[in-house]
Amino acid sequence: MKNNDLHGNAPDQSEIALLLIDVINDLDFSEADALLEQALPMARRIVELRKRVSKNAIPAIYVNDNFGQWRSDFRSVVKHCTDPSSRGAPIAKLLRPQEDDYFVLKPKHSGFYSTTLDVLLEYLHVDTLIVTGIAANICVLFTANDAYMRDFALYVPENCVASNTPEETSYALTQMHRVLKADIRDSAEIDLTNIAGIETARRRQPRRSAGC
């Protein structure tokens, strides 16, 4: 996984980035079985999206909890979560990071809170984020909210996020679409080859305040 090494194959400049929120997860908490049931289909869709993202030279950034293990690095977290004893292993194995991916460890719900994500996105010249992962109504929502506050254009594909229940996911997606102006279309419908041009045209349109 790419950290301070600038000699990998990941793009060092891109207007778009894919965020994978908490997909490397041991799911060691109550109601985790419900989340696993919802998240497995999500993970398979993210795998397909990742293939398309890679073909279009779009960087992938893992934004992940460290489960309170402050002496651990991300490689240790991956090793722990892909162990057969981990409830989250089926998802972690599907979405195991590649050597040229980026990663950010977060202490709280939002990927921006007390992390290096701002600095990394500035370094990459990113202005559009495709946000995926779990849980849609918690860490994905909090991260998307902070991204919106920083004027990033947002895509949150409805088939690439999950919560404990479909109802919770639907509510979160509705909020992100209405309040954060996120595009929530199915991942297969996102035109990755023209996404930069689409967002440039959108940004030129006058922005209307939704009020508070």
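Here the structure is shown first, and the text comes after it.
Residues numbered from 1 in each chain as written. Predicted model: local features only at pLDDT ≥ 70, side-chain atom pairs only at ≥ 80, totals over all residues. Heavy atoms only, no water.

Draft legend 1. Structural detail: the overall build of the chain. Secondary structure summary: the chain contains seven helices and six strands in total. Secondary structure elements in the chain, listed N-terminal to C-terminal, are β-α-β-α-α-β-α-β-α-β-β-α-α. Residues classed as buried in the chain amount to 48% of the 212 residues present. Across the chain, every contact between residues at least 6 apart in sequence was considered, and the portion connecting residues at least 24 apart equals 81%. Counting every atom, the chain has about 11100 Å² of accessible surface; 48% of that belongs to carbon and sulfur. (Helix = DSSP H or I, 4+ residues; strand = E, 2+ residues; numbered from the N terminus. Buried < 20%, exposed > 50% of the residue type's maximum accessible area, 1.4 Å probe, protein only. Contact = heavy atoms within 4.5 Å. Areas by Shrake-Rupley, 256 points an atom, 1.4 Å probe, with all protein chains shown as cover.)

Draft legend 2. Up close: the pattern of salt bridges. Under the definition given, this model contains seven salt bridges. Two residues, Asp33 and Arg87, come together in a salt bridge whose shortest N-O distance is 2.9 Å. Separated by 54 residues along the polypeptide, Asp33 in helix α1 (residues 32-55) and Arg87 in the loop between α2 (74-82) and α3 (89-94) bring together distant segments of the chain. Residue classification places Arg87 among the partly exposed positions, given a relative accessible area of 34%. For Asp118, the salt bridge goes to Arg150, with nearest N and O atoms at 3.0 Å. Placement of the pair is Asp118 in helix α4 (residues 117-124) and Arg150 in the loop between α5 (136-149) and β5 (153-155), with a sequence separation of 32 residues. Salt bridges here are not isolated pairs; linked through shared partners, they connect Asp22, Asp65 and Lys106. (Salt bridge = Lys/Arg side-chain N within 4 Å of Asp/Glu carboxyl O.)

Draft legend 3. Representation of the side chain of Thr115. Inspection of the secondary structure assignment puts Thr115 in the loop between β3 (102-106) and α4. At a separation of 2.6 Å, a polar atom in the side chain of Thr115 contacts the main-chain carbonyl oxygen of Gly111. From its side chain, Thr115 meets the backbone nitrogen of Leu117 in a polar contact 3.1 Å long. Aside from chain neighbours lying at most four places away, what touches Thr115 is Val104, Leu105, Lys106 and Pro107. (Polar contact = N/O pair within 3.5 Å; in protein donor to acceptor, adjacent residues only side chain to side chain.)

Draft legend 4. Representation of the packing of aromatic side chains in the model. With the rule as written, the count across this model stands at three aromatic pairs. Taken together, a centroid distance of 5.2 Å and an interplanar angle of 25° make the contact between Phe74 and Phe103 stacked. Highlighted residues: Phe74 in helix α2 and Phe103 in strand β3, separated in sequence by 29 residues. Seen from their ring centres, Phe112 and Phe152 are 6.2 Å apart, and the 35° between their planes marks the pair as tilted. With Phe112 in the loop between β3 and α4 and Phe152 in the loop between α5 and β5, the pair connects residues that are 40 residues apart, well separated along the chain. (Phe/Tyr/Trp six-rings, centres within 6.5 Å; stacked < 30°, edge-to-face > 60°.)

Draft legend 5. Broad picture of unusual backbone geometry. Of note, the bond from Ile134 into Ala135 is cis; its omega dihedral lies within 30 degrees of zero at -15°. Along the chain, the position of Ala135 falls in the loop between β4 (128-134) and α5. Phi angles above zero are rare outside glycine, and Asp22 is one such case at about 55°. Of note, Asp22 is situated in the loop between β1 (16-21) and α1. Its relative accessible area of 3% is what places Asp22 among the buried residues. Phi is positive for Asp151, which is not a glycine, with a value near 70°. Tracing the backbone shows Asp151 in the loop between α5 and β5.

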